[in-house]
Amino acid sequence: MPTELPYAADAEESLSFDELEVLRLQYQKELSQGHVTVQTKFNYAWGLVKSPMREHQAEGVRLLQEIYRAEPARRRECLYYLALGHYKMGNYEEARRFNALLLDKEPSNLQAQSLASLIDQRVTREGYIGMAIVGGVAALSTLALATIIRRASRK
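Below is a summary of the structure that appears in this document. (Residues numbered from 1 in each chain as written. Predicted model: local features only at pLDDT ≥ 70, side-chain atom pairs only at ≥ 80, totals over all residues. Heavy atoms only, no water.)

### Concerning the overall build of the chain
- Counting its secondary structure elements, the chain contains 6 helices and 0 strands.
- Within the chain, buried positions represent 31% of all 155 residues.
- Long-range pairs, those at least 24 residues apart, make up 56% of the contacts in the chain with a sequence separation of at least 6.
- With an accessible surface of roughly 9700 Å², the chain has 58% of that area assigned to carbon and sulfur atoms. (Helix = DSSP H or I, 4+ residues; strand = E, 2+ residues; numbered from the N terminus. Buried < 20%, exposed > 50% of the residue type's maximum accessible area, 1.4 Å probe, protein only. Contact = heavy atoms within 4.5 Å. Areas by Shrake-Rupley, 256 points an atom, 1.4 Å probe, with all protein chains shown as cover.)

Okay, structure coming up:
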């Protein structure tokens, strides 16, 4: 009997402006003191990825990539949020790649399984939209060509 996967709620939920501001202020404070802890950087990146604003998401992904490269012990926890950030920005192949890395390490991670399903659904939906656009353009081109041929044959 198939079971429902827990929804990757982070894909839809955002932090409030005030919550994100607390994380930003902590990050800025440590940055001005010359040393940002990995946890503060991760918390701020996490909040940015959850934002509905694309520029915040991009900054969050950038910070997570820095952590991923510099802190091997923290890579696993970065993978889900890197996948989520890319998903929210519409970079589905990158999202799929990071999520697959996480699922390789944790095949039973239900949140990553749910995110994989969301990614696949979005790719399928956008594929259908793309096919509809191409089909519409082809139909309009055919009509335009038929009109030109009809006019040319009347002369």
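### What to know about the pattern of salt bridges
- Under the counting rule described, the total for this entry stands at 9 salt bridges.
- Arg24 is the partner of Glu21 in a salt bridge, and the nearest nitrogen-oxygen pair spans 2.6 Å. A residue pair is termed a helical-turn pair when its members lie 3 or 4 positions apart in one helix, as Glu21 and Arg24 do in helix H1 (residues 17–32) at 3 residues.
- Judged by relative accessible area, Arg24 falls into the partly exposed class, the value being 29%.
- Arg96 is the salt-bridge partner of Glu93, the closest N and O atoms lying 3.2 Å from each other. Residue Glu93 and its partner Arg96 are both found in helix H5 (residues 92–105); the two are separated by 3 residues, about one turn of the helix.
- Connected through salt bridges with shared partners, the residues Lys41, Glu59, Arg62 and Glu66 form a single ionic network. (Salt bridge = Lys/Arg side-chain N within 4 Å of Asp/Glu carboxyl O.)

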